[in-house]
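# Understanding the architecture of this molecule
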Amino acid sequence: MSLIPTDQIARFRESTPSVMSLRLQELEITQYFGVIFSARAVPTMTKQDMTGFLSFKQNKRWREISKEDVTADMPRLRVAMACLVDESRPIAERMNELEPGYGVLAVAHLGKAKLTPILLMSHPKQYGVWNDYSERALRGMGVFPEFAPEWHLGEQYQAVNDVLVGLATDYRVSLWWLDVILERIARLVR
């Protein structure tokens with residue numbers, strides 16, 4: 001596989017058709033869902049709040065995350081979301097508790113492709129999105145981190161997020177915009 005240079009991020013940034021439109025969409029979505037996924041609001045989060053977020057029509061960003069329903073057990077989902085957005089604890093610790101098949105607070109069908117966009121909503125300057133697209137793009141650019149064998153989802157996400165935050169800083173884009181760009185780069189990776 002030939003590597004895609006990381007400066008492809010800059011090329012896609014420069015070729016974004018309407019930066020203002022993208023930024024307005026980002027602000028609209030992150031502010032709206034940022035309230036829903038705030039530590040104060042999660043205890044009263046409704047099924048409609050979550051299904052709304054999982055809908056491309058409302059999140060305007062991720063089409064594939066609505067395929068499985070995560071709202072079958074709303075009390076469990078609220079506990080999981082409260083853990084996810086609890087900034088008093090390290091992100092690796094929180095993500096490990098939510099890891100499907102491993103974590104004590106895991107919710108069926110609630111994996112990294114749903115958890116990390118929620119983190120982006122709650123803290124848009126702090127957390128990036130780790131999904132199949134971003135992973136393919138990072139691997140294609142040769143910047144996907146190496147994982148230690150004993151790492152679980154939390155340590156893995158911490159390493160991936162460090163790369164995402166670094167790229168967003170280096171290329172002067174928001175983590176939302178970086179996610180848009182990484183999806184485009186992923187389409188170049190063969």
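So, here is what we can say about the structure in this document.

Here we come to the packing of helix α8 (residues 132-140) against helix α10 (residues 175-186). Two packed helices can be described by the angle between their axes and the distance between those axes. As a packed pair, α8 and α10 sit with axes 8 Å apart at the nearest point and diverge in direction by 65°. Here α8 is positioned roughly perpendicular relative to α10, judged by the angle of their axes. For the element pair α8 and α10, the recorded crossing hand is left-handed. Residues Tyr133, Ser134, Arg136, Ala137 and Leu138 of α8 form the contact with α10, whose participating residues are Leu182, Glu183, Ile185 and Ala186. Classifying every residue of the contact of α8 with α10 by side-chain character gives six nonpolar, one polar and two charged.

Of all the positions in α8, only Tyr133, Ser134, Glu135, Ala137, Leu138 and Gly140 are classed as buried. The secondary structure elements touched by the buried residues of α8 are α7 (112-122), α9 (153-170) and α10. Residue glycine 142 follows α8 closely and has a positive phi angle near 75°.

Of note in the backbone geometry, lysine 60 takes a positive phi value of approximately 55° without being a glycine. Inspection of the secondary structure assignment puts lysine 60 in the loop between α4 (56-59) and α5 (74-84). At histidine 109, a position not held by glycine, the phi torsion is positive, near 70°. You can see histidine 109 is positioned in the loop between α6 (91-98) and α7. With a relative accessible area of 46%, histidine 109 lands in the partly exposed category.

Where burial is concerned, most of α6 is hidden: six out of the eight residues are buried. Those residues of α6 that sit buried are Ile91, Ala92, Arg94, Met95, Asn96 and Leu98.

In terms of nonpolar packing, the biggest core is built from 61 residues, with Phe37, Met50, Phe53 and Met81 touching the most fellow members. If one sorts the elements of this core by residue count, α10 sits on top with eight residues. Leaving out residues up to four positions away in the same chain, phenylalanine 53 has contacts with Phe33, Phe37, Asn59, Trp62, Ile65, Lys114, Pro117, Ile118 and Met121.

A few words now on the packing of α5 against α6. Viewed as axis vectors pointing N to C, α5 and α6 meet at an angle of 160°, and their least axial separation amounts to 9 Å. One element, α5, and the other, α6, form an angle in the roughly antiparallel class. Considering the relative orientation of α5 and α6, their crossing is left-handed. Between α5, through Ala80, Cys83 and Leu84, and α6, the contact on the second element is made entirely by Arg94, Met95, Glu97 and Leu98. For the contact of α5 with α6, the residue count by class is five nonpolar, no polar and two charged.

A contiguous nonpolar surface patch, about 300 Å² in accessible area, is contributed by Met20, Leu24 and Leu27. Locating leucine 27 in the fold gives a position in helix α2 (residues 19-36). When its relative accessible area of 34% is taken as the criterion, leucine 27 is described as partly exposed.

By secondary structure assignment, the location of arginine 23 is in helix α2. Overall, the relative accessible area of 29% leaves arginine 23 in the partly exposed class. C-alpha of arginine 23 to C-alpha of arginine 139: the two residues are 116 residues apart in sequence and 27 Å apart in space.

Reading guide: rules and limits
- Residue numbering note: each chain is counted from 1, following its sequence as written.
- Side-chain atom pairs in this predicted model are given and counted only at pLDDT of 80 or more, local residue features only at pLDDT of at least 70, and totals for whole chains, interfaces and linings cover all residues.
- Side-chain calculation: all heavy atoms of the structure are included, whereas hydrogens and water are not.
- Lines fitted to C-alpha atoms define the axes, with helix axes restricted to the stretch in contact, and inter-axis angles between N-to-C directions lie between 0 and 180 degrees.
- Elements are defined by DSSP. Helices are runs of H or I of four residues or more, strands are runs of E of two residues or more, and each kind is numbered from the N terminus.
- The labels follow the angle: roughly parallel below 35 degrees, roughly antiparallel above 145, roughly perpendicular from 65 to 115, and oblique for the rest.
- Less than a right angle of anticlockwise turn of the near helix away from the far helix marks a crossing as left-handed, whereas a clockwise turn marks it as right-handed.
- For this analysis, residues touch if any pair of their heavy atoms sits within 4.5 Å.
- Residues were grouped as follows: Ala, Val, Leu, Ile, Met, Phe, Trp, Tyr, Cys and Pro as nonpolar; Asp, Glu, Lys and Arg as charged; and all remaining residues, including Gly, as polar.
- Remark: exposure states derive from per-residue accessible area (1.4 Å probe, protein chains only) relative to the maximum for the residue type, with buried under 20%, exposed over 50%, and partly exposed in between.
- The definition of a nonpolar core used throughout is a set of buried Ala, Val, Leu, Ile, Met, Phe, Trp, Tyr and Cys residues joined through side-chain atoms within 4.5 Å.
- Put simply, a patch holds well-exposed residues, over 30% relative accessible area, that have no salt bridge, with like charges counted together within 9 Å and Val, Leu, Ile, Met, Phe, Trp or Tyr side chains within 5 Å.
- The Shrake-Rupley method, run with a 1.4 Å probe, gives the accessible areas here. Residue values count only the displayed protein chains as cover.
- Salt bridges, as used here, are contacts in which a Lys or Arg side-chain nitrogen is within 4 Å of a carboxyl oxygen on Asp or Glu.

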